[in-house]
Amino acid sequence: MRPSNHVDPARRRSSPVTPHRAPTSRSRVLAGGIVSSLAGKMVGLVAPLLITPLAFRSLGAERFGLWMAVTSLTGMALFADFGLGNGLLTRLARLRGAGEREAAAREVSSAYALLGAVSVLLLVLLATTLRLVPWSALLNATDPAVARDARPVVLLCFGAFLVNIPLALIQRVQYAQQQVAQSNLWQAGGSLVSVAVVYAVVTGGADPLLVIAGAVLAVPAVNLANALCYFGWQDRDLRPRIRHVRAVAARGLLRLGVRFFLLSVLSSVVLNLDGFLIGRVLGLPAAATYAVVLRMFALLTLFVTLVNLPLWPANGEALARGDLAWVRRTTPRMVYLSAAVVTLPGAALVLFGNDALRLWVRSTDLAPVPRTLLAALAVWSVLLAVAAPLFMVQNSIGLLRPQFVGWAACLLLAVPLKIVLAARLGLPGVAVASAGTYALTVLPAAVLGYRRALAAAAPVSGRHAQVEPVVGA
């Protein structure tokens, strides 16, 4: 029997499901998020290419090298938010699907309070230890003028990074609220602002430290502007307020965030251990060659992340509304899309990878690499692409245990296998071991975790969803 078009107003306010148009709207938002993510990342990749020659000519080789060395240290601290950003994304997406606006406001305020406190503590630690560390000697600055700038550069780079920890939460809030394109537009704007500021400072003949300041402070400044606009005009209900901070919400975010943090650390160890192992078994020149080749394929996995990240909050909202049909329909499509995004350029790299390396590196020190190495890395990239949409479903409800098991098993199996195959087959052996162990451990964990996530969400279909994430279940 066809349902009546009349919906009681009270029921409309309390119902977590938006009839008929919700899946279409969600799919449209997802498509817009994917396109804007790719476009925004292209801007983000182009910005450093424009900044580098400007800054290099203005700063000189040694001062520019000092800046890049400090930047690499901040890159090692990317997990400084302890996974709270991912935890907030997961919880907010579920709350949005359930229509729990007041609870969402408490989560946002508690997250800002937690990360604000972390940022302040780390800034105090930076200020108190800045003069205790011999930064000029540690960074090997030989020019006296550059050595004098070592501490200010450290303060600028680390200070901007730490200030941006809570400011970057606005991106997670917008993703959870299905405003992915808007968030990506702001991020692209931050990259363009940094280019414009560096250009203005360089052409104005300003002090070199101002060049660095303009480059590193543009992103937190744009994140601050984004937050002020969003919470000031667009969604005042979610504006961070002290009275909305709750210890219970903070503890829940911290528990979930720490699990995301530990999972990120574990997966990063697995994905970044190859250089060390190759250096030990085959020598540093072989490690350098492998690192260069791996960077080409890293672009493929970067695009996989960009394509699938908008799926995370979309899944959370759909599962909170009990719309399993949308998740079941969309996930296989995203698996095919992710695989296609990687397979075609991956095949091109297998065929023409050595030509691309010659054009890119332009060094006689880099010998041609075996095609088996390129083929194994291409297969590994496709496996990463296939697993990514399955992980987005699990992340959306905080189901992380299958991923822990998969990555831990991969680490235990991959390390000895890579050592053995590196000794016997050389660099291709390492890539074969990466693809093989991922296929045997992480990919099955992704499939089993996906099925488990759907099974956990199935009982809430047709009624108000449980908002608390199924953490570690």
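Bear in mind the structure is a predicted one, so any value in this text is a computation, not a measurement.

A. Examining the overall build of the protein chain more closely. The number of helices and strands found in the protein chain is 19 helices and zero strands. Counting the 473 residues in the protein chain, one finds 48% classified as buried. Taking the contacts inside the protein chain whose residues are at least 6 apart along the sequence as the reference set, 85% of them involve residues at least 24 apart.

B. Looking closely at unusual backbone geometry. In this model, Gln178 sits at a positive phi of 60°, which is unusual for a non-glycine residue. Relative to the assigned elements, Gln178 resides in the loop between α9 (169-176) and α10 (180-203).

C. Layout of α9. In terms of residue burial, α9 counts as a mostly covered element, since seven of its eight residues are buried. Looking one or two places after α9, you find Gln178, whose phi comes out positive at around 60°.

D. Spotlight on the nonpolar core. Ranked by size, the top nonpolar core spans 121 residues in total, and within it Trp67, Phe231, Tyr290, Phe297, Leu377 and Tyr438 carry the most contacts. When residues in this core are grouped by element, the largest group, 15 residues, is from helix α17 (residues 371-396). Excluding anything up to four places from it in sequence, Tyr438 contacts Trp380, Leu383, Leu384, Ala387, Phe391, Trp407, Cys410, Leu443 and Pro444.

E. Layout of a positive patch on the surface. Judged by side-chain charge, Arg251, Arg255, Arg259, Arg401 and Arg452 come together as a positively charged surface patch. Tallying contributions element by element places helix α12 (residues 247-272) first for the positive patch, with three residues. With respect to the helices and strands, the residue Arg251 is situated in helix α12.

F. Representation of the packing of aromatic side chains within the structure. Overall, the coordinates contain five aromatic pairs when judged by the stated rule. A centroid spacing of 5.3 Å and a plane angle of 80° characterise the contact between Tyr230 and Phe231, whose relative ring orientation is edge-to-face. Looking at Tyr230, the relative accessible area reads 1%, which means it is buried. Overall, Phe231 belongs to the buried group, its relative accessible area being 5%. Ring centres of Trp407 and Tyr438 lie 5.7 Å apart, and the angle between their planes is 70°; on these two criteria the pair is classed as edge-to-face. Of this pair, Trp407 sits in helix α18 (residues 401-425) while Tyr438 is found in helix α19 (residues 427-457), placing the two residues 31 residues apart along the sequence. With respect to class, Trp407 is no different from Tyr438; both count as buried.

G. Main features of the pattern of salt bridges. Taken as a whole, this structure holds eight salt bridges when the rule is applied. Asp235 serves as the salt-bridge partner of Arg101, at 2.6 Å between the closest nitrogen and oxygen. One end of the pair, Arg101, is in helix α5 (residues 101-129); the other, Asp235, is in the loop between α11 (208-234) and α12, with 134 residues separating them in the sequence. Here Arg101 falls in the partly exposed class, since its relative accessible area comes to 36%. Between Arg101 and Asp237 there is a salt bridge; the shortest N-O distance is 3.5 Å. One end of the pair, Arg101, is in helix α5; the other, Asp237, is in the loop between α11 and α12, with 136 residues separating them in the sequence. Here the salt bridges share partners, and the residues they tie into one network are Arg96, Glu317 and Arg321.

Definitions and cut-offs
Residues numbered from 1 in each chain as written. Predicted model: local features only at pLDDT ≥ 70, side-chain atom pairs only at ≥ 80, totals over all residues. Heavy atoms only, no water. Helix = DSSP H or I, 4+ residues; strand = E, 2+ residues; numbered from the N terminus. Buried < 20%, exposed > 50% of the residue type's maximum accessible area, 1.4 Å probe, protein only. Contact = heavy atoms within 4.5 Å. Core = buried A, V, L, I, M, F, W, Y, C linked by side-chain atoms within 4.5 Å. Patch = residues over 30% accessible without salt bridge, like charges linked within 9 Å, V, L, I, M, F, W, Y side chains within 5 Å. Areas by Shrake-Rupley, 256 points an atom, 1.4 Å probe, with all protein chains shown as cover. Salt bridge = Lys/Arg side-chain N within 4 Å of Asp/Glu carboxyl O. Lys, Arg positive; Asp, Glu negative; His and termini not counted. Charge placed at Lys NZ, Arg CZ, Asp CG, Glu CD. Phe/Tyr/Trp six-rings, centres within 6.5 Å; stacked < 30°, edge-to-face > 60°.

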